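Structure assessment
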Amino acid sequence: MNETRFRIYREDWSLHRQGQMDQERHMERIREAIRANLAEVVSDESLIASDGQKVVRLPIKALKEYRFRLDWQKQNRVGEGGGAVREGDALGTASGAAGQGAGDGPPGEEVGEEWFETGFTVEDLDEILFADLALPHLEPKRQPDLTAESHEWRDVRPQGLQSNIDKKRTLMEAIKRNRLAGRPALAGISRKDLRFRTWDVARTPQASAVLIFMMDTSGSMGPAEKYVARSLCFWMVRFLRTRYENVRLHFIAHTTEAREVSEEAFFTKGEAGGTRCSSAYEYALQLIDRQYPPDLFNLYAFHFSDGDNLLSDNPRAIALMRQLLERCSLVGYGQIETQPQYLAMPYYQPNTLLSLFQQEIDHPRFVTAQIRDRSEVYAALRAFFHPGHREKGAG
Amino acid sequence: MAVVRRQPVSDQDLERLARAIEEIVGHARAMGLDFFEMRYEICPPDVLYTFGAYGMPTRFSHWSFGKAYHLLKSQADLGITRIYELVINADPCHAFLLESNSLLENMMVAAHVLAHADFFKNNWRFRETNRQMIHAMSAFAERVRQYERRVGRERVERFLDAGLAVAEQVDPFPSTRPDPRRDLPRFLLDHASGLEEWQRDILSSLREEALYFRPQMETKILNEGWASLWHARIMRHLDLTPAESLEFARLHAAVLAPHPFQLNPYRLGYHLLESIEARYGRDALFEARTVETDLSLVRNHLTPELCEELGLYVYAKQGGRWQVQDTGWEAVRDALVRQLENCGLPYIYAEDDNYQRRGELYLRHGYDGVELDVTHLHQALRHVHHIWGRPVHLETVCDGRRTLYTCDGENVESRAL
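What you see is a predicted model; the values in this text were computed from it and never measured. (Residues numbered from 1 in each chain as written. Chains lettered and ligands numbered in written order. Predicted model: local features only at pLDDT ≥ 70, side-chain atom pairs only at ≥ 80, totals over all residues. Heavy atoms only, no water.)

1. A word on the overall build of chain A
The criterion, for reference: To qualify as a helix, a DSSP run of H or I must reach at least 4 residues; to qualify as a strand, a run of E must reach at least 2; elements of each kind are numbered from the N terminus. Each residue is placed in one exposure class: buried if its accessible area under a 1.4 Å probe, protein chains only, is under 20% of its type's maximum, exposed if it is over 50%, and partly exposed if it falls in between. For every accessible area listed, the method is Shrake-Rupley and the probe measures 1.4 Å; residues are considered covered only by the protein chains on display.
Within chain A, the secondary structure is distributed over 15 helices and 13 strands. The buried share of chain A, reckoned over its 395 residues, is 50%. Per element, the accessible surface of chain A, about 19,000 Å² overall, is 49% carbon and sulfur.

2. A closer look at the sheet that holds strand 6 (residues 348–355) of chain B
The strands making up a sheet are joined through hydrogen bonds of the backbone, oriented either antiparallel or parallel. Residue and element names in this part refer to chain B. Stated formally: Strands pair, by our definition, only if DSSP identifies at least two bridges between them. Here, axes are lines fitted to C-alpha atoms. For helices the fit covers the stretch in contact, and angles between N-to-C directions go from 0 to 180 degrees.
The sheet built from five strands is open, its strands ordered 6-7-8-9-10 with mixed pairing. Each end of this open sheet is capped by a strand with a single partner; those strands are strand 6 and strand 10 (412–416). Each strand of the sheet is rotated relative to its neighbour by a mean of 25°, with strand direction disregarded. Here strand 9 (residues 401–407) runs beside strand 10; their pairing, made up of five bridges, is antiparallel. Among the inter-strand pairings, Leu404 is bridged to a residue of strand 10, identified as Arg415.

3. Topic: the pattern of salt bridges
Opposite charge on two side chains allows them to pair when their charged atoms are near. Stated formally: Counted as salt bridges are all cases of a side-chain nitrogen of Lys or Arg within 4 Å of a carboxyl oxygen of Asp or Glu.
One pass over the full model with this rule turns up 44 salt bridges over all chains. As a salt-bridge pair, Glu173(A) and Lys176(A) come within 3.3 Å of each other at their nearest N and O atoms. Pair noted here: Glu173(A) and Lys176(A) are both in helix 8 (residues 167–180), with a separation of three residues, about one helical turn. Ionic pairing is found between Glu196(B) and Arg155(B), a salt bridge with its closest N-O pair at 3.0 Å. Of this pair, Glu196(B) sits in the loop between helix 7 (184–191) and helix 8 (197–218) while Arg155(B) sits in helix 6 (residues 153–167), and the two are 41 residues apart along the sequence. Note on Glu196(B): relative accessible area 36%, which makes it partly exposed. A cluster of three or more residues bridged by salt bridges with shared partners is formed by Arg25(A), Glu28(A), Arg29(A), Glu32(A), Glu154(B), Glu157(B) and Asp161(B).

4. Some thoughts on the domain arrangement of chain B
The line we're drawing: The start and end points of each domain follow an automatic or database-based domain assignment.
Each assigned domain of chain B is listed here: domain 1 (2–123), domain 2 (133–216), domain 3 (267–343) and domain 4 (346–416). Using C-alpha coordinates to define each centre, domain 2 of chain B is positioned 33 Å away from domain 3 of chain B.

5. Some details on the environment of Arg127(B)
All names here are of chain B. Quick note on the threshold: Only heavy atoms enter the contact rule, under which two residues are in contact if any of them lie within 4.5 Å.
As for its position among the elements, Arg127 is in the loop between helix 4 (103–122) and helix 5 (133–151). Taking C-alpha positions, Arg127 is 13 Å from Pro172, a pair spaced 45 residues apart along the chain. Excluding its chain neighbours within four sequence positions, the residues that come into contact with Arg127 are Asn122 and Thr290.

6. Quick look at the interface of chain A and chain B
Here is the rule we go by: By buried area we mean the combined loss of accessible area, with a 1.4 Å probe, across both parts when two parts are placed together. Counting of polar contacts relies on pairs of N or O atoms within 3.5 Å, with two restrictions inside protein: one atom must be capable of donating a hydrogen and the other of accepting it, and residues adjacent in sequence are counted only when both atoms are side-chain atoms.
The interface of chain A with chain B comprises 64 residues on the first partner and 98 residues on the second. Between chain A and chain B, a total of about 7,800 Å² is buried, with carbon and sulfur atoms accounting for 57% of that surface. Of all residues in chain A, Phe68(A), Val78(A) and Glu80(A) give up the largest surface area on contact with chain B, accounting jointly for 13% of the area buried on that side. Between chain A and chain B we count nine salt bridges in total. The residue Arg29(A) makes a salt bridge to Glu157(B) at a minimum N-O spacing of 3.3 Å. Viewed at the interface, chain B and chain A are joined by 35 residue pairs in polar contact (both at pLDDT 80 or more).

7. Examining the packing of aromatic side chains
The following threshold applies: Working definition: a ring pair exists when centres of Phe, Tyr or Trp rings (six-membered ring for Trp) sit within 6.5 Å. Plane angles under 30 degrees give stacked, over 60 give edge-to-face, the rest tilted. Remark: a charge is flagged as sitting over a ring if the NZ atom of Lys or the CZ atom of Arg is within 6 Å of the ring centre and within 35 degrees of the ring normal.
Scanning all chains against the criterion turns up 32 aromatic pairs over all chains. Measuring from ring centre to ring centre gives 6.3 Å for Tyr347(B) and Tyr349(B), while their planes differ by 15°; the resulting arrangement is stacked. For Tyr349(B), a relative accessible area of 16% puts it in the buried group. Above the ring of Trp72(A), the side-chain terminus of Arg77(A) is found at 3.9 Å from the ring centroid. Looking at Arg39(B), its charged tip hangs above the ring of Tyr9(A), at a distance of 3.6 Å from the centre.

Set out below in structure tokens:
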């Protein structure tokens, strides 16, 4: 056995991070794809129905490596191991089969993609969705009662998490050490050379925010309208929660009378009868005056309706809306018009609240949005929370 | 099965492994295996997943490798799959063993990769592969980094996306019976007029890489079958404790277990080779290793008995369900041959570089009964257009009708011919 023609090596792979780096690039491309499809993502039903912890399935088109491919679905394939298999036996549904293998061929082909779809959480979405949104008219309040935390990467230390290795600094350390030892080369990286990036927690004073959602729950607000309102509120709440540690929510349902309801009832219960918006505005004003002095809280009020209000109530509604604007950082009005008759003439409805508000109220803190179908939810969200939100309406 | 994270290999373990490998190498040589000098590296799982995803220790960076890495790693974390080893066709032959493997696992893997090295050295399809490809690929990776610095990462990535989309359409026999229409990357290099130098380098390097990997795609069943057959025989020659023997029996059975819906190449290859030796003797076994590919192996050696023993069947999609179509051995053989033909890739012929005298590219799919995936087709044409720079056409058959797809850069339109 003198010609032992093999060797065993064990190298230091601790700095080998190409896989992770390209993985990050892949995730970045997923985000780009999502960004390109935000309108779809935002109105995704499964998402809204979730509690925020559920993983999200998203239509991601950019992640396949496209090549000239045969259509496996239209080809006969060979399977194995079915001793008892007979002609005509079913092997399971096509989608069930797709979860089985991991290689090529028909069942395995979709696996990678599906996996990445489900790997995405609502938190990941927040980051993308809210990246360029900001709270308008944010003012420092006299008594900041809470603080917001942020992580700032600004320190490098000899200990830390393996995933936070600072490659460049580590190499510099190694070179430095070698040079001190009289070896002007990069010869081996020792444990002592490792440098890790680490973060500081920065606490900045933040006032708490109060959100008052108001919705017309009269008969004309059907399930489709409520769904749209719900998905918009879902994102608005999530957005505010990313900006404030403490967000207080109030839900006011109104027909001709207003009352405070639970979040669940707000989005599900429907009632019959007419509509008097002023009742909700009045309720909101009382709530604010009783509990939330505007110099201590950032107040946000949003009203959703289908645009139909008792004509006799309009002057009072406008007057109260002006009072709300004196107290709130932002007041939003979203008019949800998913009925087919509105789709026929989408831009001008002379008798709706939207046109009334647009004629009567010109206030920097007042934002309106017209939402005709689910795809406009995202535009409405941006109308409410985009820094340059002076654009009137989102429709 | 629970995932057990073992301690990294100690120096003592390493020494035992070295002694075991020495013995394994001796047995392998005595049994007639003829391999390159071996370079075994023990590495942590993450590193092995990286090599598995990239197919090489150092290769250019691309998001698709990151995706593959992520997938491998997650499947391993979940216990769905586990990579035990990776072996690179090179001289000396590089084999990577997982540090978290047990000693016995690493012994089996060491034997397994010796047979792979023998296969790389002796199978005819590997005769012309570049055994120094490790260096070529790592040099290319460095050039890609330079291009990224020079022209920007986005542009390089966009071109890599396009290049990777066509690189597979390489002519696997460029030196023996080259067909200029059959080598799409070569055709583009020869005829695309607007390519910058860095783009030409990327396309031609991707083509070289595709040519290097091609024989491995063509011999998956044969090569894995060969390695499984020899790891089993070598391990039986070792003096294992009863516990080790049991562990080995379990591992070996897992390697050769049938997969639902798809073929386990280890299993099919192992049994095909065993049956060749049983019928024609040891010389025939070694000859099969030298002269066959998966396609010819199945065509020449799949017998009715094997077909039944392995429980092979033909299945297809009927409505929303996968349904067994046929269990007859000829039907199975023919379906399998068709599945392996051209590594399961469609034939795309570059017919004309000046279509309608407007410098447009005309491609034709060599349709033989299986249609193209239309979603892929649309995006792939956009990729070709990115390289070609002018409208690109592809003639194929869609829903039974001859159809021409045309990509003008933005849109892809189709019309019946």
